[in-house]
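Single-letter residue listing:
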Amino acid sequence: MELKELLRTGLAASCLAISLLLNAGCGASENTEAAGSITIQNKGSDTMVNVAQAWAEAYRSVNPAVNVEVSGGGSGVGIAALIRGAIDIANASRDIKAEEIEEARQNTGREPIGITAGYDAVAIYVHHTNPINEISMHQLAEIFVEDGSITHWSQLGVTIPNVRNDKIVRVSRQSSSGTYEFFRERVLGGRDFELGSLDMNGSKEVVELVGNAPTAIGYSGMGYATGKVKMLKIAEKPGEPGVAPTVQTTLNKTYPIARSLNLYVLGAPEGAVNEYIDWILSDAGQQIVEISGYVPISIKNQTD
Amino acid sequence: MKSVDTSRYRSKTKQTEAALSRGETSTAGIHPSATERSRRTSLGRVRPQRPRWAVIGEHILETVIRISGISAILFVLAIFLFVFREAFPVLGSEEFSLVEFFTSIEWYPTSIKNVRYGVLALIAGTFSVTVLAMVFAVPLGLGGAIFISEFCGPKLRETLKIVIELLAAIPSVVWGFIGLTVMSRIIVQYTDAPVGVNMFNGSIILALMAVPIIVSIGEDALKAVPDSYREAGQALGATKWQLIYRVLLPAARNGLLAAVLLGVGRAVGETMAVLMATGHAVNIPHGILDSIRTLTANIAAELGEAPVGSEHYRVLFLTGVLLFTITFLVNLTADLVIRGVRRK
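Here the structure is a predicted model, which is why all the values come from computation and not from measurement.

**Student:** When you look at the overall build of chain A in this model, what are you seeing that I'm missing?
**Tutor:** Within chain A one finds 11 helices and 11 strands. A burial count over chain A gives 47% of its 304 residues as buried. Looking at chain A alone, contacts between residues at least 24 apart form 74% of all its contacts between residues at least 6 apart.

Below you can see the structure in the form of structure tokens.
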């Protein structure tokens, strides 16, 4: 009997708690609704989804009346949604294609406008004991491309200490990743990867694996470096001096494997969307870009 | 009796009919159903009336149980139909060739210039890691089953069984995590392997996952061997080893085979752990320290990003059909083998 009673009161209490919680949640959203809430729909690149979410969260304290809804799916998905007019801002870690601009014009009568909100530099990682410091784009392509000519470190004149088999272990990303596509386009020139690479599911996993494998080479975002890996300098052509992936070299576009992170809108942004984009380009918004592991645009670039 | 049955209670379930035709005494183990009750009263036998809600409730309960029994068949059929329906259109596509699918190792589902769907390397990966896992798991599992069934005392047996069940309850992502962090470091330290995530790592993880299944089913099979066999063996002066090797293992052969096959089924179907531990490289392995990719891990990694209805999506479903067929065959074999045991 006593137990039953106890259970009953417990149940009642938890019901009450749940309903209170639910009410509180509803109440909060109703409040912002009452204050004339505006929702900005934001969709696109998976590379940018983390930084876009961080922007949306921080912006809530800047302007509580604006609610930014962020979702991923890929750059193409975001731009397609923009063309349909389903969203306000599309995130894209590539440039919009000419036919996409044309399609948007036909569909909505407005021109898509791109705003660069930051940069992503893809760094080439090797194990920290690997003596190599510099690699050319051509060598990099020959390592990763299908039927490439470089399979052993000795072909690059490199001897890795304490390693008998110096076969290069290639660390790549799963084929749906934006970084994979970017690397394929920029480094391999659209050719296919050689099979047999270890295809990791995340940027961090690539760096972690390379950090534990002396003969490995992998590519991942610049922000993921750890003490166990080394980032290589990259020469556009053999013989040229290599360029290290830094904020500086990304901004002045001397680092070859970098891309801009773009926001696309239809027509000149107005009202809340305009304010939001202005805030993203401000110091506060750019700080979030840096925290998320990407390269912020400099003030100079903004006026360009 | 029969005439009453057919004229008035046509809707009666077969079980009840069967029970009734066997006569009153044989229905002792079966709850009297509503129809039975009314029939009995109509025959003039005094029996307390059950309230109406109990009668209806029992009917509902019976229906629910019947549905849940049949639902398993419906679900399996529905899943197979769904997977096949999603995969089917690609078979008619011009760019897709079923021969290439089975014989090519080239898996380039998102290539810009030349899309190729060859799953031979993935099939090789799945089979090699499963076989190696069984090399570790079968001796360990059968040894465990023999120990629990023949050697250890009742107290230790209970403890072991609980611990082994716990082992079976560890989520596969946790196993994958162990493979990715702990195992891979050990492998790099003690072998020549350039990376720790490879076929060896994956197969050890799979073996650890399959062992609990092999132990518990194998132990059941050994326990099913009548004690008279053991007594006869001992009476003939057989040592414990002779008894196990010459008498118990042959007697429990089918059950032990079924245990192994179910372990194989587990290993073939496992996804998360192999995705994390095998290195996920499209590669036909030349040694046990090579990284591989399995059919399951490939689906898990790529299906989420393949546009619905695209060729890539359909080919992934086709590999699903392939997997379904493999596990179905393994399980069917295990089932037939177990049936073989029962018939004895």
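**Student:** I keep staring at the packing of aromatic side chains and nothing clicks. Help me out?
**Tutor:** Where two aromatic rings form a pair, the distance of their centres and the angle of their planes describe that pair. Inspection of every chain in the model, using the stated rule, returns 22 aromatic pairs over all chains. Ring geometry for F96 of chain B versus F101 of chain B: centroids 5.6 Å apart, planes at 55 degrees, classification tilted. Take F101 of chain B: its relative accessible area is 1%, and that puts it in the buried class. Consider the rings of F136 of chain B and F200 of chain B, whose centres lie 6.0 Å apart with planes at 70 degrees: the pair is edge-to-face. With a gap of 64 residues between them, F136 of chain B in helix α6 (residues 120–151) and F200 of chain B in helix α9 (residues 199–223) connect regions that are remote in the sequence. You can call F136 of chain B partly exposed: its relative accessible area is 31%. Counting every residue linked through ring pairs, the aromatic cluster contains F144, Y180, F183, F193 and Y219 of chain A.

**Student:** Please clarify how the confidence of the model for chain B should be interpreted in this entry.
**Tutor:** Detailed conclusions should not be drawn from predicted coordinates in areas where pLDDT is low. All names here are of chain B. Taken residue by residue, chain B gives an average pLDDT of 85. The fraction at 70 or more is 85%. Here residues 1–30 is modelled with pLDDT under 50, and outside its nearest four sequence neighbours on either side it reaches 31 contacts, counting other chains as well. At the level of chain-chain contacts, confidence expressed as ipTM amounts to 0.72, with global pTM at 0.74.

**Student:** I would appreciate a short explanation of the packing of helix α10 (residues 227–235) of chain B against helix α11 (residues 240–251) of chain B in the present structure.
**Tutor:** Two measures define how a pair of helices packs: the angle their axes make with one another and the distance between the axes. All names here are of chain B. Running from N to C, α10 and α11 cross one another at 160 degrees; their axes reach a closest spacing of 10 Å. When the interaxial angle is binned, α10 and α11 end up roughly antiparallel. Crossing hand, α10 versus α11: right-handed. Contact residues: Y229, R230 and G233 in α10; L243, V247, L248 and A251 in α11. Taken together, the residues of the contact of α10 with α11 break down into five nonpolar, one polar and one charged.

**Student:** Is there a simple way to think about the interface of chain B and chain A in this case?
**Tutor:** Accessible area lost upon the coming together of the parts is a frequently used measure of interface size. The interface is formed by 27 residues belonging to chain B together with 27 residues belonging to chain A. Between chain B and chain A, roughly 2,100 Å² of surface is buried when both sides are summed, and carbon and sulfur atoms account for 49% of that area. Inspection of the chain B/chain A interface yields four salt bridges. Note that D192 of chain A and R116 of chain B form a salt bridge whose closest N and O atoms lie 2.9 Å from each other. Linking chain B to chain A there are 11 residue pairs in polar contact (both at pLDDT 80 or more). At the level of secondary structure, the elements contributing two or more residues to the side of chain B that touches chain A comprise β1 (107–108) and α14 (295–302) of chain B. Here the residues of the side of chain B that touches chain A sort into 13 nonpolar, seven polar and seven charged.

**Student:** Looking at this model, I keep getting lost on unusual backbone geometry. Mind explaining?
**Tutor:** With glycine set apart, most residues show a phi of negative sign, and most peptide bonds adopt trans. All names here are of chain A. In this structure, D147 is a non-glycine residue whose phi angle is positive, near 60 degrees. The topology assignment puts D147 in the loop between α5 (137–144) and β6 (169–173). The exposed category is assigned to D147, whose relative accessible area is 66%. We note that N162 has phi near 60 degrees; this positive angle belongs to a residue other than glycine. Tracing the sequence through the fold places N162 in the loop between α5 and β6. Owing to a relative accessible area of 83%, N162 belongs among the exposed residues under this scheme.

**Student:** I keep staring at the packing of α9 of chain B against helix α12 (residues 253–269) of chain B and nothing clicks. Help me out?
**Tutor:** Residue and element names in this part refer to chain B. One way to put it is that α9 packs onto α12 with a least axis distance of 8 Å and a crossing angle of 155 degrees. In terms of axis orientation, α9 runs roughly antiparallel to α12. Read as a crossing pair, α9 and α12 show a hand that is right-handed. When α9 is examined against α12, the residues L206, M209, A210, I213, I214, I217, G218, A221 and L222 are found in contact with a partner set consisting of G255, L256, A259, V260, L262, G263, R266 and A267. Across the contact of α9 with α12, the residue classes tally to 13 nonpolar, three polar and one charged.

About the thresholds
Residues numbered from 1 in each chain as written. Chains lettered and ligands numbered in written order. Predicted model: local features only at pLDDT ≥ 70, side-chain atom pairs only at ≥ 80, totals over all residues. Heavy atoms only, no water. Helix = DSSP H or I, 4+ residues; strand = E, 2+ residues; numbered from the N terminus. Buried < 20%, exposed > 50% of the residue type's maximum accessible area, 1.4 Å probe, protein only. Contact = heavy atoms within 4.5 Å. Phe/Tyr/Trp six-rings, centres within 6.5 Å; stacked < 30°, edge-to-face > 60°. pLDDT = per-residue confidence, 0-100. Axes fitted to C-alpha atoms, helices over the stretch in contact; angles between N-to-C directions. Parallel < 35°, antiparallel > 145°, perpendicular 65-115°, else oblique. Left-handed = near helix turned anticlockwise from the far one by under 90°. Nonpolar A, V, L, I, M, F, W, Y, C, P; charged D, E, K, R; others polar. Buried area = accessible area lost by both parts, 1.4 Å probe. Salt bridge = Lys/Arg side-chain N within 4 Å of Asp/Glu carboxyl O. Polar contact = N/O pair within 3.5 Å; in protein donor to acceptor, adjacent residues only side chain to side chain.

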